[in-house]
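Survey of secondary and tertiary structure
Here's the letter readout for the chains.
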Amino acid sequence: MMTCLAINACAEEPNITASGKSQTFTGFWEDYERCKARQEFTPVRGEYETQEEYRRRVEQLRVGCDTLRRVESARMDVPVLLKYDADAGRFLFELPTTKGMRIRYDALVWDDFPAMLDKLPRDRWHIDDPTPKASAYKECTPRDARANKRFISKIEPCRTDSWRGCMTYYMQGEEDAWHRDKDTFFISDVTFYAYAAIEQARRVRDMEKELIYRIEGVLVVPEQSFQAQRVEIVNRKTGEKLVDLNP
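Our subject in this report is the structure included herewith.

A word on the layout of surface pockets. For the largest pocket, the calculated volume is near 160 Å³. Around the largest pocket, the lining is made up of 14 residues, and of these Thr97, Arg102, Ile103, Ile187 and Ser188 lie nearest the centre. Elements supplying a minimum of two residues to the lining of the largest pocket: strand E7 (97-98), strand E8 (102-104) and strand E18 (186-187). In terms of residues, the lining of the largest pocket owes the most to one element, E8, which gives 3 residues. Looking at the lining of the largest pocket residue by residue, the classes come out as 8 nonpolar, 3 polar and 3 charged.

All right, on to the state of the cysteines then. If you walk through the whole model with that rule in mind, you get 2 disulfides. Across a sulfur-sulfur distance of 2.1 Å, Cys140 and Cys166 are joined as a disulfide pair. As the torsion about the S-S bond is roughly 120°, the Cys140-Cys166 disulfide counts as right-handed. Of the two residues, Cys140 is situated in the loop between strand E12 (133-138) and strand E13 (141-142) and Cys166 in strand E16 (residues 166-172); the sequence distance between them amounts to 26 residues. What makes Cys140 buried here is its relative accessible area of 2%. Given the relative accessible area of 1%, Cys166 is considered buried.

Parameters and conventions
- Numbering of residues begins from 1 in every chain and follows the order in which that chain's sequence is written.
- In keeping with the model being predicted, local features are shown solely for residues with a pLDDT of at least 70 and side-chain atom pairs are shown and tallied solely at 80 or more, while totals for entire chains, interfaces and linings include all residues.
- Hydrogens are left out, water is left out, and the side-chain values use all remaining heavy atoms of the structure.
- Definitions used for this entry: grid spacing 1 Å over protein atoms alone; cavity, a set of points where a 1.4 Å probe fits but cannot get out; pocket, an open set with protein on both sides within 12 Å along at least 5 of 7 lines; lining residue, one with an atom within 4 Å of a point.
- Grid points are joined across faces, edges and corners, and a volume is the space filled by probe spheres set on the points.
- For the purposes of this entry, the term helix denotes a DSSP run of H or I that reaches at least four residues, the term strand denotes a run of E that reaches at least two, and both are numbered from the N terminus.
- Gly counts as polar in this scheme, as do all residues outside two lists: the nonpolar Ala, Val, Leu, Ile, Met, Phe, Trp, Tyr, Cys and Pro, and the charged Asp, Glu, Lys and Arg.
- Defined by distance alone, a disulfide is two cysteine sulfur atoms within 2.5 Å.
- Relative accessibility decides the category of a residue: with a 1.4 Å probe and only protein chains considered, values under 20% of the type maximum give buried, values over 50% give exposed, and everything between is partly exposed.

In structure tokens:
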């Protein structure tokens, strides 16, 4: 089983840039709430206001909040904290989480749990005792992970401990085979190794203060979630990318 140490990658409340604004999630939430309140408000018709003027004024208040509910082309930058194992020659990166808002990385990792298993792979995954179905946890596998060969030679997935990574359920069927619950796929964290020889690693260390996770995607305000569609580890000063994760 893969073993590694988790990094505390929880950002307090980073700014989100979208729709010409740069503010925290709280700001986007307040924008949405004000829009809903405006929609629900019915003003009194003015004494010197015609019926047609009043109708137009009310219609303006009823303008939809869709663009505030689902904010497209959003971007969030979170500082990177480096963790390097010199003997193994690799960095450990954990995609960030935030307080008050869930970042969903579903589009960036494979749901690669097999549909059926002859037996549960307890030697490679963490398996809860079946009651009556077994919870299975394994490392999350990035769909398209590209490394800048100037700094990183290869990328491999890693699961930090028994209760993290990607999770699903298995139920025992006929002839003792285990069948996957196709409706369950949960991501608790996305953690991966990025291999770098010592000289490459020292170059990365020297730029640590400028390294960020740049997360691009869609902000869904009522669900308090950010649907990540791309993540880069990038030097914000030079624009150099170390890692690029795509669907």
